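Chain residues, written in single-letter form:
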Amino acid sequence: MKAILRSIFHMPGIIVHELSHHLFCIIFGAKVTDFCYYNFRESSGYVHYLRPKHLYQDVLISIAPFFLNSLLSGLVAYPTVINKLSITGLESLIWQDILRIIISISIGINAIPSKKDGLNVWNSVRDSNINFLFKLLARLLLAPLVFLIYLLNYGSAYFKINIFYGICTCLIGPKFIEDVIYLDIVQEFIDGFQNLKF
């Protein structure tokens, strides 16, 4: 029963994680050969794709979950954290707010790129069509990123860093989004869209 509940809890985050890989493949024109957003038996998913034209595209496809999961985690929790928790506190929460918080944390927990994503970043340099000196330079530049991905996965396995990150994206993410929305340049951009006539 515990494994089933854990699987259900992680499902939204894993789906968004794999969807972010797929979305970035579409953005960069990398052909997706096979995908599974969620496998109940293994509580995991995958996206297999052909390498895109440029190395930076492959790196961004591999680390896409960090950006998309973090953003979506904050957006899911936004109505609850900004409109309820910051004003009235815990006593005003209803079941939909609690569900938003749980889904937000699940999405945030799965924002950390997997070890396989880190290995893909490293192998994308090897498989790229750049010359030897650029490959060496790319490996030197990407080595800290790959090391960080592996370190975060190790920390997630033994110290539950991913849970801490998921809670932070749920509680701090909405406030960050609110601060960005109220920047003058963003407000002008939003106002410009609202004034468009179709």
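All of these numbers come straight from a predicted model, not from anything done at the bench.

Engineer: Any chance you could explain a nonpolar patch on the surface here in plain terms?
Structural biologist: Residues Met1, Ile4, Leu5 and Ile8 make up a contiguous nonpolar surface patch of about 450 Å² in total accessible area. Tracing the backbone through its elements, the reader meets methionine 1 in the segment before helix H1 (2-28).

Engineer: Hey, could you run me through helix H7 (residues 173-181) in this one?
Structural biologist: Residues spaced three or four apart along an α-helix point in a common direction, a consequence of the helix completing one turn every 3.6 residues. Among the residues making up H7, those that are buried are Gly173, Pro174, Ile177 and Glu178. One side of H7 carries all its buried residues, which in axial view fall inside an arc of 135 degrees. Tucked into the core, H7 has its buried residues touching helix H2 (55-85) and helix H6 (161-171).

Engineer: Honestly, the packing of aromatic side chains in this entry has me stumped. Any pointers?
Structural biologist: Describing an aromatic ring pair means giving the distance of the ring centres and the angle of the ring planes. For the structure on display, the rule yields 8 aromatic pairs. Ring centres 4.7 Å apart and planes at 50 degrees place the aromatic pair tyrosine 154 and tyrosine 158 in the tilted group. Pair noted here: tyrosine 154 and tyrosine 158 are both in helix H5 (residues 132-159), with a separation of 4 residues, about one helical turn. For tyrosine 154, a relative accessible area of 46% translates into the label partly exposed. By relative accessible area, tyrosine 158 is classed as exposed at 57%.

Engineer: Please explain the pattern of salt bridges as it appears in this structure.
Structural biologist: Once their charged atoms are close, side chains differing in charge can pair, the charge on each being opposite to the other. Per the counting criterion, the structure on display carries 7 salt bridges. The salt bridge partner of aspartate 127 is arginine 51, with a shortest N-O separation of 3.1 Å. Placement of the pair is aspartate 127 in helix H4 (residues 115-127) and arginine 51 in the loop between strand E2 (44-49) and H2, with a sequence separation of 76 residues. What makes aspartate 127 partly exposed here is its relative accessible area of 37%. Here arginine 51 falls in the partly exposed class, since its relative accessible area comes to 34%. Salt bridges linked by common partners bring Arg51, Asp58, Arg126 and Asp127 together as one network.

Engineer: Where do I start with the nonpolar core in this structure?
Structural biologist: Across soluble globular proteins, nonpolar side chains have a tendency to be buried as a group. Formed by Val59, Ile63, Val121, Val125, Ala138, Leu142, Val146 and Ile149, the largest nonpolar core amounts to 8 residues. Top element by residues in this core is H5. It accounts for 4 residues. With residues near it in sequence (within four places) discarded, valine 121 still touches Val59, Ser62, Ile63, Leu142, Leu145 and Val146.

Engineer: Explain the pairing of E2 to me, please; I cannot follow it from the model alone.
Structural biologist: The two faces of the sheet receive side chains in turn, since in a regular strand these alternate between them. Residues Gly45, Val47 and Tyr49 of E2 are buried on one face, while the alternating residues Ser44, Tyr46 and His48, pointing to the opposite face, are not. Following strand E1 (residues 32-39), the chain reverses through 4 residues before pairing antiparallel with E2; serine 43 in that reversal takes a positive phi of roughly 50 degrees.

Engineer: What exactly am I supposed to notice about unusual backbone geometry here?
Structural biologist: What you tend to see is this: most non-glycine residues have negative phi, and most peptide bonds are trans. We note that serine 43 has phi near 50 degrees; this positive angle belongs to a residue other than glycine. Here serine 43 shows up in the loop between E1 and E2. Backbone geometry at lysine 160 places phi at a positive 60 degrees, although glycine is not the residue there. Along the chain, lysine 160 turns up in the loop between H5 and H6. Residue lysine 160 is classed as partly exposed on the basis of its relative accessible area of 44%.

Here is what the cut-offs are and how they apply
- Sequence order sets the numbering: in each chain, residues are counted from 1 along the sequence as written.
- Only residues with pLDDT of at least 70 are given local features in this predicted model, and only at 80 or more are side-chain atom pairs given and counted; all residues enter the totals for whole chains, interfaces and linings.
- Note that water and hydrogens are dropped before the side-chain values are worked out from all heavy atoms of the structure.
- By definition, no residue in a patch forms a salt bridge, and every one has over 30% relative accessible area; like charges are joined within 9 Å, nonpolar side chains (Val, Leu, Ile, Met, Phe, Trp, Tyr) within 5 Å.
- Surface accessibility follows the Shrake-Rupley procedure with a 1.4 Å probe radius. Residue values consider only the protein chains on display as shielding.
- For this document, the term salt bridge refers to a Lys or Arg side-chain nitrogen within 4 Å of an Asp or Glu carboxyl oxygen.
- By the criteria applied, helices consist of DSSP H or I runs no shorter than four residues and strands consist of E runs no shorter than two, each listed in order from the N terminus.
- Exposure classes here rest on a 1.4 Å probe applied to the protein chains alone. A residue is buried below 20% of its type maximum, exposed above 50%, and partly exposed in between.
- Note that the arc is defined by the directions from the helix axis to the C-beta atoms.
- Should any heavy atoms of two residues lie within 4.5 Å, those residues are considered in contact.
- Side-chain rings of Phe, Tyr and Trp (the six-membered ring for Trp) are treated as a pair once their centres are within 6.5 Å; stacked means planes under 30 degrees apart, edge-to-face means over 60, and tilted covers the remaining angles.
- By nonpolar core we mean a set of buried residues, namely Ala, Val, Leu, Ile, Met, Phe, Trp, Tyr and Cys, connected to one another through side-chain atoms within 4.5 Å.
- In this description, strands pair whenever DSSP reports at least two bridges between them.

Purely geometric stuff here, so don't read any function into it on its own.
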